[in-house]
Amino acid sequence: MSHHIVEVKNLRFTYPDGTAALQSISFRINHGESVALVGANGAGKSTLLLHLNGYLSPSEGTVRIGDLPLNKDTLKDVRKTVGMVFQDSDDQLFMSKVYDDVAFGPLNLGLPSEEVNSRVIAALKKVDVEHLKNRPPYKLSGGQKKRAAIASVLSMNPSILVMDEPTAGLDPRSRRQLINLLHGFEHTKIIATHDLDMVTDLCDRTIIIHDGKVLGDGSTSDIFSDMELLNAGHLERPLRMQSCPICSKTTSKINVNKCQTAELQN
Amino acid sequence: MANIENGICDIGCLDRMADHNSIIHKLDARSKVLTTILFIIMVVSTNKYEIAGLVPFTLMPIILIALADFPFSFFLHKLILVSPFVLFVAIFNPFFDQAPLCKLGHFTISGGWVSFLSIILRFCLTVTAALVLIASTGFPQVCRALEQLGVPKVFTIQLLFLYRYIFVLLEEGTRMIRSHNLRSFGRKIHLRVYKHLAGNLLLRTLDRANRIHMAMLCRGFDGEIRSLNTDKFNRSDYIFTITTCSLVVIFRLVNLPQFAGTLFIRLF
């Protein structure tokens, strides 16, 4: 299934104002992989994502999506393959009804109306928001908006999902529901995030970006146990891999007791 | 600040009203748009001293509001809210136009006062008609109807986006003003600060517009917004359009109150 491969080779990008956002980035993501892109603010994650669907074109280097090198002629096909979920759902839900938003992509693909309708309903069902189809987007909660935004991408049947900070701004339950939802998807997933706990749940592989370069690329468990690497990338271990804040301060008997009582109360 | 927040609430209120399910709501948006446009043209085109001739027109919005099961108070409230604008426009008429027009007992009424009243009445009629249209149809449907009636897509798409993002923009503006108020200790916004707030909001809007465009491109946008067209112009729509349009034209051509008056005098 070569058409689900994402290959980036020696990618460089400099913004018109002279900021070198990406400096020689290379990686290859295979079909069905779930990969996290992590790194400090301004490391270049979002810029990199914008290259994956051809919104920005590299100053140097190449991006290949499946069998196609990304260029002007292949842009349409690439955008059909790569579904992009933006950080702010308000940017993505631009129509006046959720249904119209989810139908926007399929209609642009020129599909017949029955097919559009069935795709829209299927996408809405998949993310569990079918009951919201006639609502205007501004009346949805953050979690609902995010689901609707994902549905608007799913309706185009992409094989690769690219997401920018999917859990940002969600309450803990919505976040958990979203993680469970994404877990069920078979798409190749590329997720840029600061939510390292989600990464441990969802992604087998993690790429650390720092100052526009790949600082580390490997299995999530290896990356998160390398403290030196995490420090260099302005990151820290996911909270659940850190030790209990109460026990770790001191090993005295009193504190151990305190921790046990706290656990019991929870 | 509270005013801006109330404003957001009001637009949402019109949206909720569009979700009702009355006879008026069920009509095709095009029939309502057409009759409303004709109604407004007919009302506006009357003679500047006309008052009696405008009275029959009030029937239209009143009947529509009643059939759509809307609260009258909502529309009254909206009229009062926007009335300062029209008062400002009309208030000079009584001063400039002092020629006596008619006598009521011992009082002589100047043309200015009559045209003043006429403007207010026309304003009430047209604004209510437009509000009833949007409240019974919904803004996006009005835009689609306009497009189907031949208004260029550039305008209808602009209107749709304006409506979609006015909430986001108002929220952003409200947040900025709130953060200003929290640190200004009761002082009003200085003109210099205003300049920065407005500039900032503009830049943010441009950024957002860029991101929205990006999101649209990602889903295959090529300059045209397509929609699944399921609207049908039924028999009830034809009946509604033809009856209301002909009534409105009759109201305009025949001065019904005057006609009734002369009839009354002749009979007795």
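Bear in mind the structure is a predicted one, so any value in this text is a computation, not a measurement.

## Remarks on the interface of chain B and chain A
Put simply, an interface is often sized by how much accessible area is lost when its parts join up.
Here comes step 1: With 29 residues of chain B in contact, the opposing surface of chain A contributes 29 residues.
Here comes step 2: Around 2700 Å² of area is buried between chain B and chain A when both sides are counted, 60% of it from carbon and sulfur atoms.
Here comes step 3: For chain B, the biggest contributors to the area lost against chain A are Arg164(B), Arg219(B) and Leu228(B); these three give 32% of the whole.
Here comes step 4: Here chain B and chain A share five salt bridges between them.
Here comes step 5: The salt bridge partner of Asp101(A) is Arg219(B), with a shortest N-O separation of 3.4 Å.

## Things to note about the pattern of salt bridges
Here comes step 1: Tallied over the full model, the rule gives 20 salt bridges over all chains.
Here comes step 2: The partner of Arg240(A) in a salt bridge is Asp197(A), with the nearest N and O atoms 3.4 Å apart. With a gap of 43 residues between them, Arg240(A) in the loop between α10 (227-232) and α11 (245-249) and Asp197(A) in helix α8 (residues 196-202) connect regions that are remote in the sequence.
Here comes step 3: One continuous salt-bridge network, built from bridges that share partners, spans Asp88(A), Asp91(A), Glu172(B), Arg208(B) and Arg211(B).

## A closer look at the packing of aromatic side chains
All names here are of chain B.
Here comes step 1: Tallied over the entire structure, the rule returns 16 aromatic pairs over all chains.
Here comes step 2: Pairing Phe39 with Phe57 gives two aromatic rings, centres 5.8 Å apart and planes at 75°, and the pair type is edge-to-face. Of the two residues, Phe39 sits in helix α3 (residues 29-44) while Phe57 sits in the loop between α3 and α4 (59-67), which places them 18 residues apart along the sequence.
Here comes step 3: Given a relative accessible area of 0%, Phe57 falls into the buried group.
Here comes step 4: Ring centres of Phe92 and Phe96 lie 6.4 Å apart, and the angle between their planes is 35°; this geometry places the pair in the tilted category.

## Structural notes on the nonpolar core
Here comes step 1: Counting 44 residues, the largest nonpolar core has Val127(A), Ile150(A) and Phe185(A) as its most contacted members.
Here comes step 2: Considering each element in turn, this core owes the most residues, six residues, to helix α6 (residues 142-154) of chain A.
Here comes step 3: Ignoring sequence-local partners within four residues, the contact set of Val127(A) consists of Arg147(A), Ile150(A), Ala151(A), Leu154(A), Leu181(A) and Phe185(A).
Here comes step 4: Counting residues in each nonpolar core, the second largest holds 42 residues, with Phe94(A), Met95(A), Ile190(A) and Ile212(B) among its members.

## Observations regarding the sheet that holds strand β1 (residues 6-14) of chain A
All names here are of chain A.
Here comes step 1: Pairing is antiparallel across the open sheet formed by four strands, whose spatial order is β2-β1-β4-β5. Among the strands making up the open sheet, the edge pair consists of β2 (20-29) and β5 (68-69).
Here comes step 2: Examined bridge by bridge, β1 and strand β4 (residues 60-65) share five bridges and lie antiparallel to one another. By the bridge assignment for β4, Val8 is matched with Val63.

## With respect to the pairing of strand β8 (residues 188-192) of chain A
When a strand is regular, its side chains alternate between the sheet's two faces.
Residue and element names in this part refer to chain A.
Here comes step 1: For β8, the tally of buried residues reaches five of five residues, placing the bulk of the element in the interior.
Here comes step 2: Burial along β8 is two-sided: the residues Thr188, Ile190 and Ala192 and Lys189 and Ile191 are all buried.
Here comes step 3: Across four bridges, strand β3 (residues 34-38) lies against β8 in parallel orientation. What sits directly across from Leu37, in β8, is Ala192.
Here comes step 4: Note that strand β7 (residues 160-164) and β8 share five bridges and pair parallel. Looking at the pairing, Asp164 lines up with Ala192 of β8.
Here comes step 5: One crossover worth recording links β7 to the parallel β8 by way of helix α7 (residues 172-183), and it is right-handed.

## Quick notes on the pairing of β1(A)
All names here are of chain A.
Here comes step 1: In this sheet, β2 lies alongside β1 in antiparallel orientation, the contact comprising six bridges. Paired with Phe13 across the bridge in β2 is Leu22.
Here comes step 2: In textbook terms, the turn of a hairpin is the stretch between consecutive antiparallel strands, and for β1 and β2 this stretch comprises five residues, one of which, Gly18, has a positive phi near 100°.

## So, unusual backbone geometry
Residues and elements named next belong to chain A.
Here comes step 1: At Asn10, a residue that is not glycine, the phi angle is positive and equals roughly 45°.
Here comes step 2: Relative to the helices and strands, Asn10 resides in strand β1.
Here comes step 3: Taking the relative accessible area as the measure of exposure, Asn10 reaches 45% and is therefore partly exposed.
Here comes step 4: A positive phi angle, close to 60°, is found at His234, a residue other than glycine.
Here comes step 5: Note on His234: relative accessible area 59%, which makes it exposed.

## What to know about the domain arrangement of chain A
All names here are of chain A.
Here comes step 1: For chain A, the assigned domains read domain 1 (2-235) and domain 2 (238-266).
Here comes step 2: For domain 1 versus domain 2, the separation of C-alpha centres amounts to 37 Å.
Here comes step 3: In this assembly, six residues from domain 1 lie in contact with four residues from domain 2.
Here comes step 4: Of the roughly 480 Å² buried where domain 1 meets domain 2, counting both sides, 54% is carbon and sulfur surface.
Here comes step 5: Interface area lost by domain 1 to domain 2 is led by Asp197, Thr200 and Phe224, which between them contribute 69%.
Here comes step 6: The interface formed by domain 1 and domain 2 includes two salt bridges.
Here comes step 7: Remark: the boundary between domain 1 and domain 2 carries three residue pairs in polar contact (both at pLDDT 80 or more).
Here comes step 8: Broken down by element, the residue count for the side of domain 1 that touches domain 2 peaks at four residues, all from α8.
Here comes step 9: Residues belonging to the side of domain 1 that touches domain 2 are distributed by class as follows: two nonpolar, one polar and three charged.

So, how was this worked out
- Residues numbered from 1 in each chain as written.
- Chains lettered and ligands numbered in written order.
- Predicted model: local features only at pLDDT ≥ 70, side-chain atom pairs only at ≥ 80, totals over all residues.
- Heavy atoms only, no water.
- Contact = heavy atoms within 4.5 Å.
- Buried area = accessible area lost by both parts, 1.4 Å probe.
- Salt bridge = Lys/Arg side-chain N within 4 Å of Asp/Glu carboxyl O.
- Helix = DSSP H or I, 4+ residues; strand = E, 2+ residues; numbered from the N terminus.
- Phe/Tyr/Trp six-rings, centres within 6.5 Å; stacked < 30°, edge-to-face > 60°.
- Buried < 20%, exposed > 50% of the residue type's maximum accessible area, 1.4 Å probe, protein only.
- Core = buried A, V, L, I, M, F, W, Y, C linked by side-chain atoms within 4.5 Å.
- Pairing = 2+ DSSP bridges.
- Right-handed = clockwise from strand over helix to strand, strands pointing away.
- Domains from an automatic or database assignment.
- Polar contact = N/O pair within 3.5 Å; in protein donor to acceptor, adjacent residues only side chain to side chain.
- Nonpolar A, V, L, I, M, F, W, Y, C, P; charged D, E, K, R; others polar.

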